[in-house]
Structures are given as C-alpha cells and as structure tokens.
Amino acid sequence: PYNLVIHFHGAPPSLEPTFEKSEIGGVLAILNLGNGSGKYEDAFQLAGSFDELLARVRGVVREMCPTASDRGGRVALSAWSAGYGSVWRIIDRTADADRVDAVLLADGLHAGFEPDKKSARVVNSAQMAAFTLFADRAVNGEKLLAITHSSIDTPYASTTETASYLLQQQNVPRVTVNAPGPRPNMTLLSRADKNGLHVQGYAGEDKPAHCDQLHAMGETLFPLLRERWSR
C-alpha cells in the first residue's frame, strides 16, 4: 500500500523536485484543468468523481509499479490557487472527506461574501462550511489542515480573510511574526497552530508573491504532512 498526494493546479517541473526533497514517501499525482476555480469545482461536483480519480491514479501506478497494492494508504489533497475548487467539492461530501487524511492549501482558499453583508466583507459561511468542518476535525487531531496565504487583496474574500474566518471559528489566535520566509522575497507575518490546524500568513501583494506560495510548498506545507505521516 502507498500513501497518495493529489495536487490540483501546479506545474509538474515545480512540484516534482519539491515533493521528492520533502521525503514524504508516497505517490504524487498532479491534475491541471486550466485557469479559474470553476473548472476544478465542476470536475468534482458529482458524487463518484473522487472514486473515478482514485481509480485513474491506481491504474497509472499499476503500470509504473506492477507490484503496488490496490489496497489504499492515506490520501492527502493539495492545491495552489484555483485548485482549491476541487478540494472544496471533494471534502463537501462526508464520505469523501472521511477518506482524506490531510488538506494542504497554498494561497488558494477563496469564498464570496454574505449577500446582505458584502460591504462589511463578511465571509460566506455556507461556502466555507466544508472547510470549517475539516478544520473542526483538524483541531481535534483527526486530520491535518495546513494553509499558507499571501496578503493579496481581492474583490471576493481573500485568502487572508478565509484563513482568518477559519481561525475565528476554531477560536485559534494568530501570533504576529516578522521572519524571513523560505524564498528570498517571502516574509512570514503571522502563524497559528493548534493540533492538526496550521496557518501561515506571508507578506506580498502581487503575482510573484502568489507564485512564491506554490514554489515554497516544500518548505511550508509538505514538511507538516511528512511529520504527520512519519508518526
């Protein structure tokens, strides 16, 4: 049996070396569906779509490693930017969420605002419900939910606002930090940790800062998964 990390939205030349260096010890499957979270949401909107993806991965692994077992190991979902749409749809189904041991999100958790509270930028609780439930289980130590975000402002709920929403729901405070990040232009501004819930907030309000979140996953998110799976 092998552990499996499924990553949504990210160039293989960037992710494969990072994953190998992380020494997680498992299979990395990368799925790119184009720009915009809608394509990722639509691909996993129907029940059974996650099963189909796992079956595809098993088929490819069997071709590359005929002795691999079909008996599943642990599964982690990873996403950068728009790829969070697939993660959302998958963990929004209880049966599928139960099968996911960890969720890693690099600058990609967005949502709308409550219809009657847009001017106050109140995050839409219904759109965050699946992540809130997963955060509940992470705080209880059942799951791993690890999030990094930049400081980019968006017309919809930014990755900073959605991360803050989850922390508020869990009553987990942010700790102010001012430390160099894993890449030259990254600065860690805050962090929050409680059992299996981890949030790292970074400076940066432009496209390069957004891309840094992907390239830094080997130093920010993958080590948390390695630590969990090594126990």
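To start, this report covers the structure provided alongside it.

1. What about the sheet that holds strand β3 (residues 75-80)?
Logical step 1: Spatially, 8 strands are ordered β2-β1-β3-β4-β5-β8-β7-β6 in an open sheet, and the strand pairing comes out mixed. In the strand order of this sheet, the two ends are held by β2 (27-31) and β6 (175-180), each with one partner. Pairs of neighbouring strands in the sheet enclose a mean axial angle of 15°, with direction left out of account.
Logical step 2: By the bridge criterion, 5 bridges tie strand β1 (residues 4-8) to β2 in an arrangement that is parallel. Note on β2: the bridge partner recorded for V5 is L28.
Logical step 3: Against the sheet, helix α1 (residues 12-22) touches β1 and β2, its axis set at about 165° to β2.
Logical step 4: Running at roughly 140° to strand β5 (residues 144-149), helix α7 (residues 159-170) makes contact with β5, β7 (187-194) and β8 (197-202) of the sheet.

2. Digging into the packing of aromatic side chains
Logical step 1: This structure, assessed with the given rule, holds 2 aromatic pairs.
Logical step 2: An angle of 80° between the planes, with centres 5.6 Å apart, marks the rings of F8 and F44 as edge-to-face. With F8 in strand β1 and F44 in the loop between α2 (37-43) and α3 (49-64), this pair connects stretches of sequence that are 36 residues apart. Here the two residues F8 and F44 agree in accessibility, since each one is buried.
Logical step 3: A centroid spacing of 5.7 Å and a plane angle of 85° characterise the contact between F19 and F222, whose relative ring orientation is edge-to-face.

3. Some details on the packing of helix α4 (residues 84-91) against helix α6 (residues 125-139)
Logical step 1: Between α4 and α6, the shortest axis-to-axis distance is 9 Å and the interhelical angle comes to 70°. In terms of axis orientation, α4 runs roughly perpendicular to α6. Residues Y84, V87, W88 and I91 of α4 touch α6, and the partners they reach there are Q127, A130, F131 and F134.
Logical step 2: The residue makeup of the contact of α4 with α6, split by class, is 7 nonpolar, 1 polar and no charged.

4. Details of the pattern of salt bridges
Logical step 1: For the structure shown, the criterion picks out 11 salt bridges.
Logical step 2: Note that D96 and R93 form a salt bridge whose closest N and O atoms lie 2.8 Å from each other.
Logical step 3: For D96, a relative accessible area of 7% puts it in the buried group.
Logical step 4: Taking the relative accessible area as the measure of exposure, R93 reaches 18% and is therefore buried.
Logical step 5: In this structure, D212 engages R183 in a salt bridge whose closest nitrogen and oxygen atoms are separated by 2.8 Å. Here D212 is found in helix α8 (residues 207-215), whereas its partner R183 is found in the loop between β6 and β7, with 29 residues between them in sequence.

5. Quick look at the nonpolar core
Considering soluble globular proteins, one finds that nonpolar side chains tend to be buried as a cluster.
Logical step 1: Membership of the largest hydrophobic core comes to 48 residues, with the highest contact counts inside it found for F8 and L77.
Logical step 2: Residue contacts for F8: discarding those within four places in its chain leaves L31, Y40, F44, L53, L77, S78, A79, W80, G83, S86, V87 and I90.
Logical step 3: Counting 18 residues, the second largest nonpolar core, distinct from the first, contains W80, A106, L144 and L225.

6. As for the environment of E41
Logical step 1: Checked against the element boundaries, E41 lands in helix α2.
Logical step 2: Through-space distance from the C-alpha of E41 to that of E114 is 20 Å; in sequence the pair is 73 residues apart.
Logical step 3: The residues touching E41, leaving out its near neighbours within four places in the chain, are Y84, G85, S86, W88 and R89.

Rules behind the numbers
- Once a new chain begins, its residue numbering starts again from 1 and follows that chain's sequence as written.
- Reporting of local features is limited, given that this is a predicted model, to residues whose pLDDT is at least 70; pairs of side-chain atoms are given and counted only at 80 or more, and all residues count toward the totals for whole chains, interfaces and linings.
- By convention in this description, side-chain values take in all heavy atoms of the structure and omit both hydrogens and water.
- In this scheme, strands are said to pair when DSSP sees at least two bridges between them.
- The way it works is that DSSP assigns letters per residue, a run of H or I at least four long becomes a helix, a run of E at least two long becomes a strand, and they are numbered from the N terminus.
- Every axis corresponds to a line fitted to the C-alpha atoms, with the helix fit spanning only the stretch in contact, and the corresponding angles, defined between N-to-C directions, vary from 0 to 180 degrees.
- In what follows, a contact means two residues having at least one pair of non-hydrogen atoms within 4.5 Å.
- For this analysis, a ring pair means two rings from Phe, Tyr or Trp (six-membered ring only for Trp) whose centres lie within 6.5 Å, classed as stacked if their planes differ by under 30 degrees, edge-to-face if by over 60, and tilted for the remaining angles.
- Burial here depends on accessible area, computed with a 1.4 Å probe over protein chains only, as a share of the maximum for the residue type. Under 20% is buried, over 50% is exposed, and the range in between is partly exposed.
- Note on angle classes: values under 35 degrees are labelled roughly parallel, values over 145 roughly antiparallel, values of 65 to 115 roughly perpendicular, and the remainder oblique.
- Each residue gets one label: Ala, Val, Leu, Ile, Met, Phe, Trp, Tyr, Cys and Pro are nonpolar, Asp, Glu, Lys and Arg are charged, and the others, such as Gly, are polar.
- Throughout this description, the term salt bridge denotes a Lys or Arg side-chain nitrogen within 4 Å of a carboxyl oxygen of Asp or Glu.
- As used in this record, nonpolar core signifies buried Ala, Val, Leu, Ile, Met, Phe, Trp, Tyr and Cys residues forming a set joined through side-chain atoms within 4.5 Å.

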